[in-house]
Every structure is written in structure tokens, then in C-alpha cells.
Amino acid sequence: MEINVRLEEEKDYLRVEEITRAAFGYPDRIKRGQIGCPYEHWMVHELRHRDGIMALSLVAELEDGTIVGHIICSNAVVKKENQSLPVLNFGPLSVLPEYQRIGVGGALIHTMIGRAKQLDYGAILFFGRPEYYPQFGFKEAKVYEIADAEGYNYPAFMAMELKEGYLKEVCGGRYFESNIYDDERNRETVRAFDRKFTNG
Ligand SMILES: CC(C)(COP(=O)(O)OP(=O)(O)OC[C@H]1O[C@@H](n2cnc3c(N)ncnc32)[C@H](O)[C@@H]1OP(=O)(O)O)[C@@H](O)C(=O)NCCC(=O)NCCS
């Protein structure tokens, strides 16, 4: 199956939010009582207005133009003492359930990495599935001696240098992403947003 990856456009916004919602298991996830979960479709919506990088908001479409997947990047930093190094974060990454395991996620990640290099970004750091991302070259962030905002490391916290040695100067530093990913902080807002999706 041919998969084309292109920039997200305004006309795609609702479709992309629906795909994100479906990929992350809504509304079942709410019915199962996982109300503390972070509402990834709201994150996508919000990232378009702040902290997201629209030059790295990409959709994957089939030959007939049906959009089946999406990825978005955002601005983040690694801080060490009084230094703040800009890095890329990405997520959510979503593939419509019926189109998973046919290479859509991989196509989005490869294209995102290629474009990020062209745009001169130095490194990507993010939280994600440790069983999925290493195949694309991501390593645990502890390899670069960078911890999360609270000072911890674990397999889901991963990194990739796009320029060799880029993270060296913040070795021992901590990683800070947009507060859009903070589900505690945004809980009421995201619940209100979710009500506009009729199948909830
Ligand atoms: C995770 C996700 C993005 C993967 O996208 P995808 O298009 O299904 O994955 P690909 O077809 O590119 O997978 C390529 C390979 O990665 C591996 N892989 C795919 N999904 C995986 C998963 N969930 N766990 C572990 N390995 C996985 C497999 O080896 C696969 O090859 P195979 O199908 O030949 O075995 C997609 O399943 C999804 O949207 N899931 C729900 C939302 C989510 O979890 N997003 C990521 C949050 S970090």
C-alpha cells in the first residue's frame, strides 16, 4: 500500500483529531475509568496554537487521499545550570487502528526525522513506547546523561541526536517539554474539549 506523507493543512484538523482519538482508544479508555489520561486529541489541537511546530505536523495519506496517521513535533529544551538548549519533542503519533502495522507510523517517523534535519534541529527527546522506537535509532536518554524534569531516567524517555555531539554540552542536564503534555494541569479543559466528539 502506498503511503504519502505531507504537511498537515487546516482542512485536515478535525480528521486528524478524530484519528488521534481513535488511535489512543477513546471513548473506551474513558469508559474503562482512565479519566486521568491525557487526551491526546486535545494535545494535537492545542499544539497547533502554542508550542507545536507546524512545519513538523505531518499527515500520512493513502493513494486516494484518505488520511490514516499523524505526527506533530513541539519545542522543548534541555537545561543545565544557566544554559537552555533547544530540542525537538514529538507526539502524539497516531495511526488509525485499522491501518496499524502496515508501515504508516514508520513512514511518519522517517519523514519527520528527515525534515527535522533539513530544518537544522539538533536533537529529539520524547516519552514513548520503548518497544517501538529503537528501530528508528532512538536510544534511552540516559545514554546522553539527560534526565527528565524531575531528575529520573527510564526506558520510555528516549533521545536521538540529529547533529553528532549536539547534546554533549548539556550532559547532566534535565529535559523540559511543553506543559500541554501535563495531564494534571489540563484535566478540566481537555474534558470540556472532548465533549465535541459525538461518539464519546
Ligand atoms: C504505535 C503506532 C504509532 C505504530 O504505528 P504503526 O503504523 O502501527 O507501526 P508500523 O507499521 O510502522 O510498525 C513497524 C514495526 O514496528 C513494530 N511495532 C508496531 N507497533 C508496535 C507496538 N505497538 N509495539 C511494539 N512494536 C510495534 C513492529 O515490529 C512493526 O513491524 P511488523 O508489523 O512487521 O511486526 C500505532 O500502533 C498507534 O498509533 N498506536 C496507538 C497510539 C500510540 O500508542 N502511539 C504512540 C505513543 S508513544
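Every value quoted in this text rests on a predicted model; they were computed, and no experiment measured them. One numbering rule holds for all chains: residues counted from 1, following each sequence as written. In keeping with the predicted nature of the model, local features appear solely for residues at pLDDT of at least 70, side-chain atom pairs appear and are counted solely at 80 or more, and the whole-chain, interface and lining totals rest on all residues. Note that the side-chain values use all heavy atoms of the structure and ignore hydrogens as well as water.

Caption draft 1: Looking closely at the packing of aromatic side chains. Pairing of aromatic rings covers Phe, Tyr and the six-membered ring of Trp, with a centre-to-centre limit of 6.5 Å; geometry is then stacked below 30 degrees between planes, edge-to-face above 60, and tilted otherwise. Enumeration according to the criterion identifies 14 aromatic pairs in this entry. Between the aromatic rings of Tyr132 and Phe136, the centroid separation amounts to 5.3 Å while the plane-to-plane angle is 70°, which identifies the pairing as edge-to-face. Aromatic ring contacts, followed pair by pair, group Phe90, Phe126, Tyr132, Tyr133, Phe136 and Phe138 into a single cluster. The lysine or arginine in question, Arg48, covers the ring of Tyr13, its NZ or CZ lying 3.9 Å from the ring centre. Whether a charge lies above a ring is judged from NZ of Lys or CZ of Arg, which has to be within 6 Å of the ring centre and within 35 degrees of the ring normal.

Caption draft 2: Seen up close, the site of the ligand. It suffices for a single heavy atom of a residue to lie within 4 Å of a molecule or strand for the residue to be listed as near it. The full set close to the ligand counts 18 residues, and Arg101, Gly103, Gly105, Arg129 and Gln135 are the nearest of them. Polar contacts here mean pairs of N or O atoms no more than 3.5 Å apart (in protein, one a potential hydrogen donor and the other a potential acceptor; neighbouring residues in sequence count only if both atoms are side-chain atoms). In this structure, an oxygen atom belonging to the ligand sits 2.7 Å away from a main-chain N or O atom of Gly105. Note on areas: these come from Shrake-Rupley sampling with a 1.4 Å probe, and a residue is covered only by the protein chains present in the view. Its free accessible area being 870 Å², the ligand has 73% of it covered by the protein chains. Note on conventions: DSSP H or I runs of at least 4 residues are helices, E runs of at least 2 residues are strands, and numbering of each starts at the N terminus. Listing elements by their share of the shell around the ligand, those giving two or more residues are β4 (83-95) and α4 (104-118). Classifying every residue of the shell around the ligand gives eight nonpolar, seven polar and three charged. Three categories are distinguished: nonpolar for Ala, Val, Leu, Ile, Met, Phe, Trp, Tyr, Cys and Pro, charged for Asp, Glu, Lys and Arg, and polar for the others, with Gly belonging to the last.

Caption draft 3: Main features of the environment of Tyr166. The residue Tyr166 is located in the loop between β7 (157-161) and β8 (174-176) in this model. For Tyr166, a relative accessible area of 17% puts it in the buried group. As a C-alpha pair, Tyr166 and Tyr144 span 22 residues in sequence and 10.0 Å in three-dimensional space. Between two residues, a contact is recorded if the distance between any of their heavy atoms is within 4.5 Å. In this view, Tyr166 contacts Leu85, Pro86, Val87, Gly122, Ala123 and Glu161; residues no more than four positions away in its chain are not counted. Partly exposed describes any residue whose relative accessible area lies between the buried limit of under 20% and the exposed limit of over 50%, with all areas from a 1.4 Å probe on protein chains only and scaled to the type maximum.

Caption draft 4: Representation of the nonpolar core. Ranked by internal contacts, the top residues of the largest apolar core, which has 27 residues, are Phe90, Ile124, Tyr133 and Phe138. Counting residues per element, the ones that place at least two in this core are β2 (52-61), β3 (67-80), β4, α4, β5 (123-127) and β7. Discounting chain neighbours no more than four positions away, the residues touching Tyr133 are Phe90, Leu93, Ile109, Phe126, Gly128, Phe138 and Met158. One finds Val78, Val87, Leu125 and Tyr166 within the second-largest nonpolar core, a separate group that totals 15 residues. Think of a nonpolar core as a cluster: buried Ala, Val, Leu, Ile, Met, Phe, Trp, Tyr and Cys residues, connected wherever their side-chain atoms sit within 4.5 Å.

Caption draft 5: Structural context of the side chain of Asp148. Looking at the element boundaries, Asp148 is found in the loop between β6 (139-140) and β7. By the counting rule applied here, Lys and Arg register as positive and Asp and Glu as negative, while His and the ends of each chain are not counted. Salt bridge, as used here, is a side-chain nitrogen of Lys or Arg placed within 4 Å of a carboxyl oxygen of Asp or Glu. One buried charged residue, Asp148, remains without a salt bridge, the closest side chain of opposite sign being Arg174 at 6.4 Å. Within the local environment of Asp148, its side chain forms a polar contact with the backbone nitrogen of Glu150, the two atoms lying 2.9 Å apart.

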